[in-house]
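# Reading the structure
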Amino acid sequence: MIRAVRPGALVALAALASCVGPPAAMSPPKPSPPPPPALVPLQPATFEIEGAVEQGGALVGTAPVGTASLTFDGTAIPMAPDRTFLVAFDRDHGPSALLVATLSDGRRVSKALTVAPRGWDISRLGSLPKYPVPSATFQRLRPTELAQIAAARATDHASDGWRQRFIWPATGRISTNFGSQRIYQGGEKGAYHSGTDVAVPSGTPIVAPADGVVILATDQPFTLEGYLLMIDHGMGLNSAFLHLSAITVKVGDRVRQGQVIARSGASGRATGPHLHWGLKWRDARLDPALLTGPMPGG
């Protein structure tokens, strides 16, 4: 049996339906948090070095990141802004050396170096005395000459020549090697040969082995060195060119690698025309062949 719906009830149902809204919208899902950044391992505080770790050699190094100061065998060593530096080993340096970097946070990083020994040309002249008696002229002039050389080496110029691969200032036969030494009558040792002699005719052009600044150019020959030219390559490294016949640059000039700077000769105490090239870093005398490589054509 079908019951009739009262009109009032229909109105109530309609009102009820009008109060019901559309289905509630779904809330968007919350985004997942980003993954934590990958941990980058700290770079070890280490030295990087390149060069000849042997008697008479030199090396260019890079100090650890954050280095505030640097020492080599206990002596303070300057660094370039990119933390590169130069150190070298005298002909008679001992078997070991030590680099120590002090970081800005106070930590210290050290690197021990094993310095390879070298064999040297030794000539025994048992029938000859060590020195002839020096003349009065030599004794009068020599102190002033030595003072000029020392004053030139004491200057410091901004040059990046020390970073370069050096070239030979003259090409020819090597007549006397660096480090060679004579032993005279009674076993007395002469001073070892502090540079490399290149036998070339007088007047041969001499070129700069690396960039630098002229720190000494004599206008009169010295008693031993003759006409002497010296160039500062920066970081305490300098070249000396002896027995010249002419010098074509002056003190204060900036020279470039390969530029003609002088002419060879036989001035001073020399038995014939040749170039004596000496290299020195601070108080250490160096073997030029370790900075240049073999003589071209040799």
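None of the values given here were measured: they were computed from a predicted structure.

Another point: the pairing of strand β13 (residues 212-217). Sheet faces and side chains relate simply in a regular strand, where the side chains alternate between the two faces. Among the six residues of β13, five are classified as buried, and the element is accordingly described as predominantly covered. Sheet analysis places β13 next to strand β16 (residues 254-255), joined by two bridges and oriented antiparallel. In the sheet register, V213 faces β16, and the bridge partner there is R254. Bridging between β13 and strand β14 (residues 227-234) involves four bridges; their strand directions are antiparallel. Across the sheet, V213 pairs through a bridge with D232, a residue of β14.

So, on to the pairing of strand β6 (residues 96-103). Of the pairings in the sheet, the one linking strand β3 (residues 67-72) to β6 comprises five bridges and is antiparallel in character. The residue of β6 that forms the bridge with F72 is L99. Note: β6 against strand β7 (residues 108-114), seven bridges, orientation antiparallel. Within the sheet, the bridge partner assigned to L98 lies in β7 and is A112. In sequence, β6 turns back onto β7 through a hairpin of four residues, with G106 there showing a positive phi of about 95 degrees.

Across the protein chain, the average pLDDT comes to 88, with 82% of residues at or above 70. Within the model, the stretch residues 1-21 combines pLDDT values under 50 with one contact to residues more than four positions away or in other chains.

On to the pattern of salt bridges, then. In total, this model carries 10 salt bridges according to the counting rule given. Among the salt bridges present, the one from E225 reaches R142, with a minimum N-O distance of 2.8 Å. With E225 in the loop between β13 and β14 and R142 in helix α2 (residues 136-154), this pair connects stretches of sequence that are 83 residues apart. Judged by its relative accessible area of 10%, E225 is buried. With its nearest N and O atoms 3.6 Å apart, the salt bridge here joins D160 to R163. Look at R163 and you get partly exposed, because its relative accessible area is 37%. Counted as one network, the salt bridges with shared partners bring together E54, R118 and D287.

The rules behind the values
Residues numbered from 1 in each chain as written. Predicted model: local features only at pLDDT ≥ 70, side-chain atom pairs only at ≥ 80, totals over all residues. Heavy atoms only, no water. Buried < 20%, exposed > 50% of the residue type's maximum accessible area, 1.4 Å probe, protein only. Helix = DSSP H or I, 4+ residues; strand = E, 2+ residues; numbered from the N terminus. Pairing = 2+ DSSP bridges. pLDDT = per-residue confidence, 0-100. Contact = heavy atoms within 4.5 Å. Salt bridge = Lys/Arg side-chain N within 4 Å of Asp/Glu carboxyl O.

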